[in-house]
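Remarks on the overall topology
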Amino acid sequence: MAEKIALVEDYLSCHVCSETFRDPVSLTCNHSFCSSCLQKFWEQAKNKNCPICKRKSSKDYPSINLSLKDLADSFAKRQNNDSPETEKEKEKEEVVCDKHPEVPYWFCEDEQRAVCPVCDFLLHHGHKLVSIEQAVSDLKDQLKSDLESLQDKRDKYEEVEETYNEMVEHSKKQLLSTEKQIRAEFNKLHQFLKEEEESRLAALREEEEQKGKTISREMKRIQEQISSLSDSISAVEEDLQKHKVSFLSSYKPTQTRARDQCSLSDPQLVSGALIDVAKHLGNLSFRVCEKMKEKVHFTPVILDPNTAASRLCLSDDLTSVRRGDTKQQLPDNPERHTKYSTVLGSEGFSSGKHSWEVEVGDHPDWIVGLAKESADKGEASVSPEYGIWCLKHRNGKYIDVVGMSVSVKKSPQRIRVQLDYDKGEVSFYDPEDKTHIYTHRGTFIEKLFPYFNLGKSGDAKTTDIKICQTEISL
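Residues numbered from 1 in each chain as written. Predicted model: local features only at pLDDT ≥ 70, side-chain atom pairs only at ≥ 80, totals over all residues. Heavy atoms only, no water.

Next up on the list: the packing of aromatic side chains. Enumeration according to the criterion identifies six aromatic pairs in this entry. Members of the aromatic cluster, each reached through a chain of ring pairs, are Trp-389, Tyr-421 and Phe-444. A cation sits over an aromatic face here: Lys-140 above Phe-247, 5.6 Å from the ring centre. (Phe/Tyr/Trp six-rings, centres within 6.5 Å; stacked < 30°, edge-to-face > 60°. Lys NZ or Arg CZ within 6 Å of the ring centre and 35° of its normal.)

Attention now moves to the sheet that holds strand S7 (residues 312-314). Strand order in the open sheet formed by seven strands is S7-S8-S19-S10-S15-S16-S17, and the pairing between neighbours is antiparallel. At either margin of the open sheet sits one strand with a lone partner, and together these are S7 and strand S17 (435-441). Averaged over neighbouring strand pairs, the angle between their axes works out to 20 degrees when direction is ignored. Summarising the sheet, strand S10 (residues 353-359) and strand S19 (residues 464-467) pair through two bridges and their orientation is antiparallel. Residue pairing across strands places Val-358 opposite Ile-467, the latter belonging to S19. (Pairing = 2+ DSSP bridges. Helix = DSSP H or I, 4+ residues; strand = E, 2+ residues; numbered from the N terminus. Axes fitted to C-alpha atoms, helices over the stretch in contact; angles between N-to-C directions.)

Attention now goes to the packing of helix H5 (residues 132-187) against helix H7 (residues 244-262). Orientation of H5 relative to H7, taken along the N-to-C sense of each, is 30 degrees, at an axis distance of 10 Å. Our classification of the angle between H5 and H7 gives roughly parallel. Considering how the two elements wind past one another, H5 and H7 form a crossing that is left-handed. Contacts between H5 and H7 involve Ile-132, Glu-133, Val-136, Leu-139, Lys-140, Gln-142, Leu-143, Asp-146, Ser-149, Leu-150 and Lys-153 from the former and Lys-244, Val-245, Phe-247, Leu-248, Tyr-251, Gln-255, Ala-258, Arg-259, Gln-261 and Cys-262 from the latter. Grouping the constituent residues of the contact of H5 with H7 by class yields eleven nonpolar, four polar and six charged. (Parallel < 35°, antiparallel > 145°, perpendicular 65-115°, else oblique. Left-handed = near helix turned anticlockwise from the far one by under 90°. Contact = heavy atoms within 4.5 Å. Nonpolar A, V, L, I, M, F, W, Y, C, P; charged D, E, K, R; others polar.)

Once that is clear, we can look at the pairing of S10. Summarising the sheet, S10 and strand S15 (residues 414-420) pair through seven bridges and their orientation is antiparallel. Looking across to S15, one finds that Lys-353 is bridged to Asp-420.

Across all of its chains, the model carries 17 salt bridges by this definition. In this structure, Glu-169 engages Lys-172 in a salt bridge whose closest nitrogen and oxygen atoms are separated by 3.8 Å. Here Lys-172 and Glu-169 lie together in helix H5, a separation of three residues that amounts to about one turn. On the basis of relative accessible area, Glu-169 is assigned to the partly exposed category, the value being 44%. Residue Glu-357 pairs with Arg-416 through a salt bridge whose shortest N-O separation is 3.0 Å. You can see Glu-357 sitting in strand S10 and its partner Arg-416 sitting in strand S15, a full 59 residues away along the chain. (Salt bridge = Lys/Arg side-chain N within 4 Å of Asp/Glu carboxyl O. Buried < 20%, exposed > 50% of the residue type's maximum accessible area, 1.4 Å probe, protein only.)

What follows is the structure, encoded as structure tokens:
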């Protein structure tokens, strides 16, 4: 044992002063010396040669070998520290080697474990060795960083869980409101329509149940992830409390698990989780009256409340919209517009010709037209660049999709929007005298949805803009 300790002591000793290294530097020949000893030797020899092999150094001021310094400092501290209190502390420390409990242990970064410098000296020759204190400090810093990443990940999952909770509550309100409106519609019809009424109520409840299952399934997955992340966080926190060697022997699986979970993709809300109110309410009378073979009124566009900004208020039949003074408490589901006072139609178009008329009256601030399905609902500006083709009315002026003013003979009370998807044309007309306002030509490659944006009505008589009905004979 004494011979091995002497071997370690010789490895950590300066060949100039024969003392344990103080601020050791290593030359390109791999010989090491105390920094001050080497400088004095060079001054006396009047050259920059190695004191041992006489090879000329390529560096005038070699940098401190930090790994060797840590080992030397640790060895010197253990050798010089013989007080009773220190001995008691040594007894408390975990033992790597039963044969040499008093020797300052090293940590081999190549093999990621604590080693005895006496027994394992030759086995780890050429490996990168640092003091065990430095290894524990560095690795705990890494694990603390992993802990922060885990906590951030958990926070994101909890945010999504909260949004799902809001969507569940809103779905319940939608259920009650939609059921009430459906009943009001069916009460206007004769008794023989009762069967159809109950059929549609059943479809609504079925969808609510299916959407509820979808949200429950997603929430269960989110909760499982939160639970798993919380377990990992607890494991990391537990490892961080462990003492040196115990920590080193157990931290790796915990860190691997933590990093694997940190690499998980961020949780995303599932689109279409809310009840499709437009499907149940849109053109309800028309669809029911198809069975009655009589003339009915048909509204070609139905507004989708799941896309409406929080300041917009839709009519019960989802055919008109006005801008309110305060924001409603609505869930931040993926379909909803969050920056501008915008709402979309419930059905999109990917081919053919389509048209609808919007009653704008004397409302001073509105935009009507079409938007592509992928248009950014949080930041998109009104232009073809962002996939929106519209006619804008503001401050008494009519503006086209590229921001140019459009001349009109008179201010139309209605605007007809006409889409020819296959030709790539969006046109706007005054339906009263069939006056053409302007046409934009382009290329459409995805589904387009009717687009409505509403500003403040001010002193105008018209507070709502409304999609006009069309008479169709069955």
